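Architecture and fold: a report
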Amino acid sequence: MEKVKTRPDHPPNHPLDALLRTDRIPHIWCPGCGIGTAFSSCMVAMQASGIDLNKTVMVSGIGCSGRGAGYTRLDSYHTTHGRAIPFATGMKLANPELNVVVFSGDGDLFAIGGNHFIHAARRNMDITVICVNNLIYGMTGGQAAATTPCMAKTTTTPRGNPDTPFSLPLLAFAAGATYVARWTILHTRDLTKSIEEALNRRGFSFIEVLAPCPTGYGRKNKEKSLDTLKIYQERTIIKNGAHPMDAVMDFGNSITLGKFIDQDRPTFSDRYDKICRPPIA
Ligand code: SF4
């Protein structure tokens, strides 16, 4: 990693300074947004994980969460909308020694990039995907996403969303992910531990982080950031080991959190190496 550069008015005294491009701070995230907490957990987990940070890259797509890659002092890539996973896949295949981390939002990873997600999980690409799920397209104007709850109001569904949202842990499991967890930004210790574990697992690991978007989602649904945090506090139940089929997410009732899947299966590179080495005569 390059030498830490800090803003003159920001002395290097924060534990994460070595991992942050402090000259890019203040960040763009709105007051009350949950992305900063998710990002901070990710940085803490990276420091604690013991992985070689000189061989670690972060890839983001477009959107508010997609700005994360720009704030870390790792080699990082801010890619086009929905394409963080194919970009990450290419990096891993080109240099299998890299630890490849995707940090992006639900709009980017599960709507425009949804197809890439399922195929990377199916292939068991050895990458870690952290999805900040704030139930909406934030930066692009508060449109309904593939994760927006049924009947929630957005700029594209002003009378209420008629669609049923994806259950992200269930989708990840069904597609073949080998590590699957869901936390909220109120559960930072569990979240950090999960990211740390995922970084040290081989295979496609996926962590969903529920986080408030008071600007895009909250205004339309009369839900301030604190209201969302109250829902996380009062309606979440931790069930480690629960089957993803049972990981409900009903904001009016209960939300299941935990580490749901942690299993081994050969990665894409394992199988590819078996097929291609030794080279065909
Ligand atoms: Fe966060 Fe929403 Fe603001 Fe984006 S629009 S920074 S997700 S609060």
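Note that the structure is predicted; figures quoted are calculated from it, not measured.

1. Side note on the site of the ligand
- As a matter of local geometry, the ligand sits amid Trp29, Cys30, Cys33, Ile35, Cys64, Asn134, Cys213, Pro214 and Thr215.
- Here the residues of the shell around the ligand sort into 7 nonpolar, 2 polar and no charged.

2. Topic: unusual backbone geometry
- The linkage connecting isoleucine 25 with the following residue, proline 26, adopts the cis geometry, with an omega of 20°.
- Following the sequence through the fold, proline 26 ends up in the segment before α1 (35-49).
- Residue asparagine 124 is not a glycine yet carries a positive backbone phi of 55°.
- The backbone phi angle of leucine 135 is positive, close to 70°, even though this residue is not glycine.
- Its location among the elements puts leucine 135 in the loop between β4 (128-133) and α5 (168-175).

3. A look at the sheet that holds strand β1 (residues 56-60)
- If you trace the 8 strands from one edge of the open sheet to the other, you get β2-β1-β3-β4-β6-β5-β8-β7, paired in mixed fashion. In this open sheet, the two edge strands, each paired with only one partner strand, are β2 (75-78) and β7 (236-238). Looking at each pair of strands side by side, their axes are set apart by 20° on average, direction ignored.
- Relative to β2, β1 runs parallel, the two sharing 4 bridges. When the bridges of β2 are listed, methionine 58 appears paired with serine 76.
- In the packing of helix α2 (residues 84-94) onto the sheet, contacts are made with β1, β2, β3 (99-105) and β4, and the angle to β1 comes to roughly 155°.
- Strands in contact with helix α6 (residues 188-199) are β3, β4, β5 (179-184), β6 (205-210), β7 and β8 (255-262); relative to β5, the strand with the most contacts, it is inclined by about 160°.

4. Details of empty space enclosed by the protein
- Within this structure, the stated rule accounts for 2 cavities of 30 Å³ or more.
- Its boundaries defined by the atoms lining it, the largest cavity holds a volume of some 120 Å³.
- Lining the largest cavity are 16 residues, with Ile62, Gly63, Cys64, Ile136 and Gly138 sitting closest to its centre.
- The element best represented in the lining of the largest cavity is helix α3 (residues 106-112), accounting for 3 residues.

5. Quick word on the state of the cysteines
- For the structure shown, the criterion picks out 0 disulfides.
- Looking at the unpaired cysteine 42, the closest cysteine sulfur is the one in cysteine 131, lying at 13 Å.
- By relative accessible area, which is 1% here, cysteine 42 ends up buried.

The rules behind each value
- Residues numbered from 1 in each chain as written.
- Predicted model: local features only at pLDDT ≥ 70, side-chain atom pairs only at ≥ 80, totals over all residues.
- Heavy atoms only, no water.
- Near = heavy atom within 4 Å.
- Nonpolar A, V, L, I, M, F, W, Y, C, P; charged D, E, K, R; others polar.
- Helix = DSSP H or I, 4+ residues; strand = E, 2+ residues; numbered from the N terminus.
- Pairing = 2+ DSSP bridges.
- Axes fitted to C-alpha atoms, helices over the stretch in contact; angles between N-to-C directions.
- Contact = heavy atoms within 4.5 Å.
- 1 Å grid on protein atoms, 1.4 Å probe; cavity = no way out; pocket = protein on both sides within 12 Å on 5 of 7 lines; lining within 4 Å.
- Points joined across faces, edges and corners; volume = space filled by probe spheres on them.
- Disulfide = S-S within 2.5 Å.
- Buried < 20%, exposed > 50% of the residue type's maximum accessible area, 1.4 Å probe, protein only.

As far as function goes, none of this settles anything; it's purely spatial.
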